[in-house]
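Structure at a glance
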Amino acid sequence: MSEPAPAPPPAPRDPLPRLLAWLEDARARGLPEPSAMALATASAEGSPSVRMVLLKHADAAGLVFYTNLESPKAADLRARPEAELCFYWNPPGRQARIHGSVTPVTDAEADAYFASRPYLSRVGAWASAQSRPLPHPLALPGRVAEFTLRFTTSVPRPPHWGGFRLVPDSVEFWEEKPYRLHERVIHRRGPDGWNTTPLYP
Ligand SMILES: Cc1cc2nc3c(=O)[nH]c(=O)nc-3n(C[C@H](O)[C@H](O)[C@H](O)COP(=O)(O)O)c2cc1C
């Protein structure tokens, strides 16, 4: 009598390894902005907004992005500290959606990342009053010049600039397959760890 076939390995429940692998694949393919992701937030009144941001760090603690803390997105996140992120990479035709709660990163973390940025990006963080009306076309270069003179060598992190960490409670993977029979699977965080549910496309 032949041996029964071994059971297939269980679907991995923790979504992080697959998310990191997809990000690495997008980088390896040389896609433009492989870490660009749509960030959806809602205001205190529940009005939605979405815009692109760059993922700067991802690990078991969550997904980190940086921004102006006086921007509309930061106001949304203070009022309702939850958000959804959405990546799309093509090729190979993959989407990843990540929903979760959002907390500010620590000052030490923001300082360390800020210090790693190029000089002009650090000056730009001082110069840009993100999402506020630009009074005239030369206002931005004027402020860049002003802060270049103020900070000739070391540029401190502006008090209005920092990061947020999204701690995932659900992660959904979508992968393009022939004839629109796409593969979808959602990972939801439960009291005993992650659960995995395949979905119709
Ligand atoms: C590819 C791409 C990446 C971006 N990355 C960031 C980012 O990491 N942080 C940021 O504050 N804005 C980033 N922006 C600009 C935002 O999309 C947005 O215009 C800005 O943050 C203002 O958003 P708000 O008014 O909703 O706060 C990026 C835009 C694009 C197109």
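1. Notes on the pattern of salt bridges
- Enumeration according to the criterion identifies 13 salt bridges in this entry.
- As a salt-bridge pair, Glu84 and Arg97 come within 3.2 Å of each other at their nearest N and O atoms. Of this pair, Glu84 sits in strand E5 (residues 82-89) while Arg97 sits in strand E6 (residues 94-104); the two residues are 13 residues apart in sequence, bridging distant segments of the chain.
- Two residues, Glu109 and Arg165, come together in a salt bridge whose shortest N-O distance is 2.3 Å. Here Glu109, found in helix H3 (residues 107-116), pairs with Arg165, found in strand E7 (residues 161-175); they are 56 residues apart in sequence, far enough to count as distant.
- With a relative accessible area of 24%, Glu109 lands in the partly exposed category.
- Since its relative accessible area comes to 13%, Arg165 is described here as buried.
- Here the salt bridges do not stand alone but share partners, grouping Arg18, Asp25, Arg29, Arg94, Glu175 and Glu183 into one network.

2. Details of the site of the ligand
- Around the ligand, the structure places Arg51, Met52, Val53, Leu54, Tyr66, Thr67, Ser71, Pro72, Lys73, Gln130 and Ser131.
- Here a nitrogen atom of the ligand and a backbone polar atom of Tyr66 are 2.9 Å apart.
- A distance of 3.5 Å is found between an oxygen atom of the ligand and a backbone nitrogen or oxygen belonging to Pro72.
- Sort the elements by how many residues they give to the shell around the ligand and strand E2 (residues 48-54) lands first, with four residues.

3. Some details on the pairing of strand E8 (residues 183-190)
- Here E7 runs beside E8; their pairing, made up of six bridges, is antiparallel. The partner of Trp174 across the bridge, within E8, is Arg184.
- Turn length for the E8-strand E9 (residues 193-199) hairpin, with the two strands adjacent in sequence and antiparallel, is two residues.

Criteria and thresholds
Residues numbered from 1 in each chain as written. Predicted model: local features only at pLDDT ≥ 70, side-chain atom pairs only at ≥ 80, totals over all residues. Heavy atoms only, no water. Salt bridge = Lys/Arg side-chain N within 4 Å of Asp/Glu carboxyl O. Helix = DSSP H or I, 4+ residues; strand = E, 2+ residues; numbered from the N terminus. Buried < 20%, exposed > 50% of the residue type's maximum accessible area, 1.4 Å probe, protein only. Near = heavy atom within 4 Å. Polar contact = N/O pair within 3.5 Å; in protein donor to acceptor, adjacent residues only side chain to side chain. Pairing = 2+ DSSP bridges.

Treat this as a map of the structure, not an account of what it does.
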